[in-house]
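Chain residues, written in single-letter form:
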Amino acid sequence: MLTILKNVANVLTASGETYFFKKQHDRQVWISLMLMIISAIAGGITDLSFHAVGYTWQILNCFLTASYSLTLRHVMDSAKQATKSGNLNELSMVLLNNVLSLPLGIILVLGFNEVEYLLETPLLRMPMFWLVITASGVLGLAISFTSMWFLRQTSATTYRYQMMDALHSW
């Protein structure tokens, strides 16, 4: 059911691209998207463990995911126009995406008083922790580079669909 409902985010993203970016999708795309909606409705009707709270969170997740894809496309397009060359490479896009996430991260760290925990944790003294955290950072950077390259090469709808498909394969 989760997979079916996540397809709703593709519909929202494609609709947002049409509305905000004036991108025209052909009839086959809209037919595919309508089939996704029908499958979500049919799946919801036959869901034996329907719970309103779970569906509410999933629908909120769909809206936020579609908003992220569309916002990222808008920010990247705006940043491209602001540069002299009119083009951003993947490094610039990754840097911009990560800088945009810093204010939220700082608010969460300060809001949940994580600074005190961080300063007192014994993990920081373990070499294995630093190895794992460094490997995680390198892999995260690689994922960011490939994601930004893919977004630059395609549309927000394609990016959204491919990212969802990749996450489900994990």
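Taking an unreviewed UniProt entry as the reference, the protein is identified by name as Sugar phosphate transporter domain-containing protein belonging to Aegilops tauschii subsp. strangulata. For the protein, the Subcellular location (unreviewed entry) comment in UniProt is given as "Membrane".

Draft legend 1. Focus on the overall build of the protein. Each helix and strand counted, the protein has seven helices and zero strands in total. Each helix (α) and strand (β) of the protein, taken in turn from the N terminus, gives the series α-α-α-α-α-α-α. Taking all 170 residues of the protein together, 25% fall into the buried category. Sequence separation of at least 24 residues holds for 74% of the intrachain contacts in the protein that already meet a minimum separation of 6. Working note: accessible area of the protein is about 11,800 Å², and carbon and sulfur atoms make up 71% of it.

Draft legend 2. Up close: the UniProt feature "transmembrane region" (unreviewed entry) in the protein. Look at the UniProt record and you will see "transmembrane region" (unreviewed entry) annotated at residues 29–46, 52–70, 91–112 and 128–151. Between the end C-alpha atoms of residues 29–46 there is a gap of 26 Å, over a span that is 94% helix and 0% strand. Its end C-alpha atoms 31 Å apart, residues 91–112 is made of 95% helix and 0% strand.

Draft legend 3. Layout of unusual backbone geometry. The backbone phi angle of Lys22 is positive, close to 55°, even though this residue is not glycine. With respect to the secondary-structure elements, Lys22 resides in the loop between α1 (2–21) and α2 (27–45). With a relative accessible area of 60%, Lys22 lands in the exposed category. If you check the backbone angles, Asn113 has positive phi at about 55° while not being a glycine. Locating Asn113 in the fold gives a position in the loop between α4 (90–111) and α5 (114–120).

Draft legend 4. Representation of α2 within the structure. Helix length check: α2 (19 residues) gives 27 Å between terminal C-alpha atoms against 27 Å at 1.5 Å per residue, within 8%. The complete set of buried residues in α2 reads Leu33, Met36, Ala40 and Gly43. For α2, the arc enclosing every buried residue in end-on projection is 85°, short of the 170-degree limit, so these residues lie on one face. Seen from the open side of α2, the exposed residues pointing more than 90 degrees away from its buried face are Arg27, Gln28, Leu35, Ile38 and Ile45.

Draft legend 5. Structural detail: the packing of aromatic side chains. According to the stated counting rule, one finds two aromatic pairs in the structure shown. Ring geometry for Tyr19 and Phe20: centres 4.9 Å apart, planes at 80°, overall edge-to-face. The class of Tyr19 is exposed, set by a relative accessible area of 58%. Its relative accessible area of 57% is what places Phe20 among the exposed residues. Both rings, one in Phe129 and one in Trp130, keep their centres 5.6 Å apart while their planes meet at 80°; by these two values the pair is edge-to-face.

Criteria and thresholds
- Residues numbered from 1 in each chain as written.
- Predicted model: local features only at pLDDT ≥ 70, side-chain atom pairs only at ≥ 80, totals over all residues.
- Heavy atoms only, no water.
- UniProt positions renumbered as here; feature names shortened; annotations may be inferred.
- Helix = DSSP H or I, 4+ residues; strand = E, 2+ residues; numbered from the N terminus.
- Buried < 20%, exposed > 50% of the residue type's maximum accessible area, 1.4 Å probe, protein only.
- Contact = heavy atoms within 4.5 Å.
- Areas by Shrake-Rupley, 256 points an atom, 1.4 Å probe, with all protein chains shown as cover.
- Expected span 1.5 Å × (residues − 1).
- Arc of directions from axis to C-beta.
- Phe/Tyr/Trp six-rings, centres within 6.5 Å; stacked < 30°, edge-to-face > 60°.

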